Amino acid sequence: MPAKKKTVAKKKVTKKKTVAKKTVTKKKTVAKKKVVAKKAATKKTATKKKTAPKRRIPSSISQEFKQFEPYKIKRGEEYMNEAQVEHFHHILGSWKMELMEEVDKTVHHMQDEAANFPDPNDRASQESDFTMELRTRDRERKLIKKIDESIDLLDSGDYGYCDDCGIEIGIRRLEARPTASQCIDCKSLSEIREKSMS
């Protein structure tokens, strides 16, 4: 009788071991499938990111201004011809109009939102918000002045040439920064000088 019990016990132990091995192998295959699925998903997102490069535009340029159609340069055309001058007139004019609208919005917002709060914390937060808005508008006021200067240069025929060396600034640089008055080399040199002075 004891021999039968031992064989029954051995069979139970071997059954438990095989069941345990099966669950472990199932868990491993499920884990491997998850890892493979994650790798495939990351490869797909990586390829998506590579296929759609984004054009960087300076943050000071407003959202609507970014919507302009880039100028298509034709081979052999003269720099700052009538079509290019008209293109930059359109860019500078629309940019100026947007900035003027923002100034009007700020004035109306400050008039509408101005309130004498009894709580000093509320008053302080409102004043700090107004201060930030006014600081931004002051920067934009200076930018509007630069835009006006650029429009005057366009009308006189001097727009698009470096103030320091007199060479062409370039269409793409002017589209990125329409108020640029220096070519990339002169601007880099002036920035290096400023850093060394400070």
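Here, every reference points to the structure presented above.
This one's a predicted model, so the numbers in the text were calculated from it and none came from an experiment.

Trainee: Is there a simple way to think about the overall build of the protein chain in this case?
Mentor: When you go through the protein chain residue by residue, the secondary structure sums to five helices and zero strands. The N-to-C order of helical and strand elements in the protein chain reads α-α-α-α-α. Within the protein chain, counting contacts between residues at least 6 apart in sequence, those at least 24 apart form 57% of the total.

Trainee: What should I look at first to understand the side chain of Gln84 in this one?
Mentor: Looking at the element boundaries, Gln84 is found in helix α2 (residues 82-113). You can call Gln84 buried: its relative accessible area is 2%. Sequence-distant contacts of Gln84, that is, excluding residues within four places in its chain, are made with Tyr71, Glu77, Glu78, Tyr79 and Ile171.

Trainee: How do you make sense of the nonpolar core when you look at a structure like this?
Mentor: General note: in soluble globular proteins, nonpolar side chains tend to be found buried as a group. One finds Met80, Phe88, Ile147, Tyr159 and Leu174 to be the most contacted residues of the largest nonpolar core, which totals 22 residues. Put simply, the parts of the chain that give this core at least two residues each are α2, α3 (120-156) and α4 (171-176). For Phe88, the contacting residues outside a window of four places in its chain are Met80, Leu154, Tyr159, Ile171, Leu174 and Glu175.

Trainee: Quick question: what am I supposed to make of the side chain of Thr106 here?
Mentor: Here Thr106 is to be found in helix α2. Within polar-contact distance, the side chain of Thr106 engages the backbone oxygen of Glu102 at 2.9 Å. Here the side chain of Thr106 touches Arg137 through a polar contact of 2.4 Å, side chain to side chain. Those residues in contact with Thr106, other than ones at most four positions away along the chain, are Glu133 and Arg137.

Trainee: Where do I start with the pattern of salt bridges in this structure?
Mentor: Enumeration according to the criterion identifies seven salt bridges in this entry. Across the salt bridge formed by Arg141 and Asp138, the nearest N and O atoms sit 2.6 Å from each other. Of this pair, Arg141 and Asp138 both sit in helix α3, three residues apart, which is roughly one turn of the helix. Glu175 is paired through a salt bridge with Arg172; the nearest N and O atoms lie 2.7 Å apart. Residue Glu175 and its partner Arg172 are located together in helix α4, separated by three residues, close to a single helical turn. Its relative accessible area of 44% is what places Arg172 among the partly exposed residues. It is possible to trace a salt-bridge network through shared partners that takes in Glu102, Lys105, Arg137 and Glu140.

Trainee: Can you walk me through α2 in this structure?
Mentor: Side chains three or four residues apart in an α-helix point the same way, a direct result of the helix having 3.6 residues per turn. For α2, which comprises 32 residues, the first-to-last C-alpha distance of 46 Å matches the rise-based estimate of 46 Å (1.5 Å per residue) to within 8%. For α2, every residue scored as buried is listed here: Gln84, His87, Phe88, Ile91, Leu92, Trp95, Glu98, Leu99, Thr106 and Met110. In this structure Asn81 caps α2, since a side-chain oxygen of it lies 3.2 Å from the backbone nitrogen of Ala83.

Trainee: I would appreciate a short explanation of the environment of Thr136 in the present structure.
Mentor: Tracing the backbone through its elements, the reader meets Thr136 in helix α3. Thr136 sits 33 residues away from Val103 along the chain, and the two C-alpha atoms are 9.6 Å apart.

Trainee: Just checking my understanding: could you explain the packing of aromatic side chains for this structure?
Mentor: In total, this model carries two aromatic pairs according to the counting rule given. Each ring, one from Tyr79 and one from Tyr161, has its centre 5.4 Å from the other, and the planes form 80°; the classification is edge-to-face. Of this pair, Tyr79 sits in the loop between α1 (2-51) and α2 while Tyr161 sits in the loop between α3 and α4, and the two are 82 residues apart along the sequence.

Conventions we followed
- Residues numbered from 1 in each chain as written.
- Predicted model: local features only at pLDDT ≥ 70, side-chain atom pairs only at ≥ 80, totals over all residues.
- Heavy atoms only, no water.
- Helix = DSSP H or I, 4+ residues; strand = E, 2+ residues; numbered from the N terminus.
- Contact = heavy atoms within 4.5 Å.
- Buried < 20%, exposed > 50% of the residue type's maximum accessible area, 1.4 Å probe, protein only.
- Core = buried A, V, L, I, M, F, W, Y, C linked by side-chain atoms within 4.5 Å.
- Polar contact = N/O pair within 3.5 Å; in protein donor to acceptor, adjacent residues only side chain to side chain.
- Salt bridge = Lys/Arg side-chain N within 4 Å of Asp/Glu carboxyl O.
- Expected span 1.5 Å × (residues − 1).
- Phe/Tyr/Trp six-rings, centres within 6.5 Å; stacked < 30°, edge-to-face > 60°.

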